[in-house]
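Coordinate analysis (summary)
Okay, here's what each chain looks like letter by letter:
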Amino acid sequence: MIARAFLFIALGLYTAFAAGPFLWVATMSLRTTSEISRDHYAWPSTLHWEKFPQAWFNSNYSVYFENSLVVVLSAVAVLTIAGAMAAHCLARYRFRANRLVYFIIFSAIIFPPQITIIALFQSLVQYGLYNSKLGLTLVYISIQLPLTVYILESFFAQIPADLFDAARMDGYTEWQIFWKVSLPIALPAIATTVILNTILLWNEFLYAVVLITDDAKRTLPLGIQRFMGDQLEDVGMIATGLMIAIIPVVLIYLFFSEKLIQGMTAGAVK
Amino acid sequence: MQRNPIDRQPWGAISAFLLPALTIYTAFTAYPVLRTIWNSFHRVLPRKEEFVGLANYAALAKDDLFWRAVGNTFIWACASPLAEVGIALFLALALYARVPGMRFFRIAWFTPVLMSYVVVGIIWVWIYNYDWGAANAILRTLGLERWAAAWIGDPKLALPSLIFITTWMWSGFNMVVLLAALHSLPSEVIEAAELDNCGWGAKLWHIIIPLIKPTLLNLLVLSFIGKMKIFDLVWITTKGGPLWSTETVSTYLYKRAFEWSTFDLGYPSTIAAVWFVIVLLAVLGLTRALRSREKLEY
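Computed from a predicted model, the values in this text were never measured in an experiment. (Residues numbered from 1 in each chain as written. Chains lettered and ligands numbered in written order. Predicted model: local features only at pLDDT ≥ 70, side-chain atom pairs only at ≥ 80, totals over all residues.)

1. Description of the overall build of chain B
When you go through chain B residue by residue, the secondary structure sums to 13 helices and 2 strands. Relative to the compact-globule value of 19 Å for 298 residues, chain B shows a C-alpha radius of gyration of 24 Å, a clear excess of over 25%. Dimensions of chain B along its principal axes, counting C-alpha atoms only, are 80 × 75 × 35 Å. Evaluated residue by residue, chain B yields a buried proportion of 39% over its 298 residues. (Helix = DSSP H or I, 4+ residues; strand = E, 2+ residues; numbered from the N terminus. Rg over C-alpha atoms; globule rule 2.2 N^0.38 Å. Buried ≥ 20, exposed ≤ 12 C-beta atoms within 10 Å, placed from the backbone.)

In structure tokens, the structure reads:
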């Protein structure tokens, strides 16, 4: 009994520790900076919802949000199709270079980003893609490709080969087999990679900070960083800005927590 | 395998399927890697490039700041996995004992990994604030005023304070993974141990840990790799300061390439190339060391 009580206290403390910081920011996002500086840990007495439209319109958040949305969604769309095609191919066909191609793509998972970032900067400048959303999108596709292929390949590999043979007997072309047999079956795994990639790219900072300089092209993480630099003292407004970046992720998480946990843990459990 | 004409490989389809992925990979991963390595033997200015041989490498060997950054990154990459996986194992075992409200705990603990390092960094800059941050506020409430500190402003405390942030972030993730591993264990094994009147510690050490060892090892390696890449968190909180105490290889490289206005991209590329080799060797070495120890036990 005592052991059980102790267990609950420990779990409660850890939960407060893990979730507390977000709760704190959530309360601050609804309070004005002068209220906050009087007492940093008080519950909001009046809810200042108007701070959200303020941050959205006056501090350029609408632009950052839209940029993030455009870059992330187009990168994820291309990524999913290109990744699924490659994964289907590597799982489905036995050919001589198969494992070599798989290994080459897979090994990029452990590459530190530093090894590509300087040369990417040079190349994008050369081809006029520096400081453009298209350039950033292309880079985003490439950095998430290995993980996507890795997750999808292991799923496609479990689809029984008989199914493909049957489809072939029915006169399906290779492309139709991929589009009408593989993809529908793999839909759960594809959903996992889509959600996972969306969140990881939504949060991406390093490539964005190197490849984007225009304020009008900044993604949300860059916008938040700039905002933080400009308004260092305005804690209340920064908290509102943070919430705007957090809310989409929390929404996705509320609806797809199981899928997301699966995706995040896919690489860790064999 | 029987071979009949239908089994002949459709090379057209194979190359069509691989083409998009391989094109992207070649243009945005393989080519940049090779170009960075090529850069590292050159002085790369905006309009001209000249071959300098191993000069950059020689300079790097004597660059104290670089080795300081390497040291910091390694401290981070070695301390984090132990702390994260240790805490996670404790939590997972606690939850394995069938606590009610399990789903809620799982979701709450997983939340920090979903936030960007930018968001997390700003929140923790506030938590570590000397005057009103939560860290010092808690210490003051507990009557431990003299322990209150400028957590990320003090060169001695800054790196441990940042390591604490990543531990906060990732323990929950590791816990969820370990929990999945624990639940996939055959329950007979654990029940048998219970019948044998095996103590809790012995059960953990002799039965549970060996059974989930592959997962534990994967988590350690994964955490290690993640910390070798760390950039965002440092950039938002300390920018490598105070006095280089939190400088990591990523932040140092970023400064040399894009901040110090030296305009030379050759030297930063050398940092990247050397770091690339160090990371690959470290990951290979770590996987091999952990795997071979596993084999010895059989």
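Still more ground to cover, so stick around.
2. Some thoughts on the overall build of chain A
In terms of regular secondary structure, chain A is built from 13 helices and 0 strands. Listing each helix as α and each strand as β along chain A from the N terminus yields α-α-α-α-α-α-α-α-α-α-α-α-α. On the principal axes, the C-alpha backbone points of chain A span a range of 75 × 65 × 35 Å. Residues classed as buried in chain A amount to 45% of the 270 residues present.

3. Things to note about the nonpolar core
One finds A:Ala86, A:Leu152, A:Leu242 and B:Ala21 to be the most contacted residues of the largest nonpolar core, which totals 151 residues. For this core, the two domains that each supply at least three residues are domain 1 (1–48) and domain 2 (54–266) of chain A. Leave out the neighbours within four places in its chain, and B:Ala21 touches A:Ala82, A:Gly83, A:Met85, A:Ala86, A:Ile105, A:Leu145 and A:Val149. (Core = buried A, V, L, I, M, F, W, Y, C linked by C-beta atoms within 7 Å. Domains from an automatic or database assignment. Contact = placed C-beta atoms within 7 Å.)

4. A few points about the confidence of the model for chain B
Residues and elements named next belong to chain B. Here chain B averages 85 in pLDDT, while 91% of its residues score no lower than 70. Low pLDDT (under 50) marks residues 1–6, which in the prediction has 1 contact with non-local residues, meaning those over four places away or in another chain. Listed scores for the predicted complex are pTM 0.89 and ipTM 0.88. (pLDDT = per-residue confidence, 0-100.)

5. Concerning helix H9 (residues 174–185) of chain A
Taking 1.5 Å of rise per residue, 12 residues should cover 16 Å, and H9(A) covers 16 Å from first to last C-alpha, within 8% of that figure. The complete set of buried residues in H9(A) reads A:Glu174, A:Ile177, A:Phe178, A:Val181 and A:Ser182. The buried residues of H9(A) occupy an angular sector of 125° when projected down its axis, which confines them to one face. Of the exposed residues in H9(A), the ones pointing more than 90 degrees away from its buried face are A:Trp175 and A:Pro184. For H9(A), the elements touching its buried residues are helix H4 (61–92), helix H7 (133–156) and helix H8 (161–169) of chain A together with helix H1 (11–39) of chain B. (Expected span 1.5 Å × (residues − 1). Arc of directions from axis to C-beta.)

6. Quick notes on the interface of chain A and chain B
Counting residues at the interface gives 65 residues for chain A and 70 residues for chain B. For the side of chain A that touches chain B, the secondary-structure elements that each account for two or more residues are helix H1 (2–29), H4, helix H5 (98–107), helix H6 (114–126), H7, helix H11 (206–211), helix H12 (220–230) and helix H13 (235–266) of chain A. The element that contributes the greatest number of residues to the side of chain A that touches chain B is H1(A), accounting for 11 residues. For the side of chain A that touches chain B, a count of residues per class yields 48 nonpolar, 14 polar and 3 charged. (Nonpolar A, V, L, I, M, F, W, Y, C, P; charged D, E, K, R; others polar.)

7. Considerations on the domain arrangement of chain A
Residue and element names in this part refer to chain A. The assigned domain composition of chain A is domain 1 (1–48) and domain 2 (54–266). Each of domain 1 and domain 2 was reduced to a C-alpha centroid, and the two centroids are 33 Å apart. Opposite the 8 residues of domain 1 that make contact, domain 2 presents 8 residues. Every element with two or more residues in the side of domain 1 that touches domain 2 is listed here: H1 and helix H2 (33–38).

8. Let's talk about unusual backbone geometry
Residue and element names in this part refer to chain B. Proline 242 follows glycine 241 through a cis peptide bond whose omega is -15°. Among the structural elements, proline 242 can be located in the loop between helix H11 (232–237) and helix H12 (249–259). You will see that leucine 243, though not glycine, has its phi angle at about 55°, which is positive. Inspection of the secondary structure puts leucine 243 in the loop between H11 and H12. Using a count of 12 C-beta atoms within 10 Å as the deciding quantity, one classes leucine 243 as exposed.

9. Description of H6(A)
Residue and element names in this part refer to chain A. Its 13 residues place the ends of H6 19 Å apart at the C-alpha level, agreeing with the 18 Å of an ideal helix rising 1.5 Å per residue. Taken residue by residue, H6 has Gln114, Ile115, Thr116, Ile117, Ile118, Ala119, Leu120, Phe121 and Leu124 as its buried positions. Once H6 ends, the next one or two residues include glycine 128, with phi positive near 70°.

10. Section: the confidence of the model for chain A
Per-residue pLDDT for chain A averages 88, and the proportion of residues at 70 or more is 97%. Predicted confidence in chain A is weakest over H2(A), with a mean pLDDT of 82, and strongest over H11(A), with 94.

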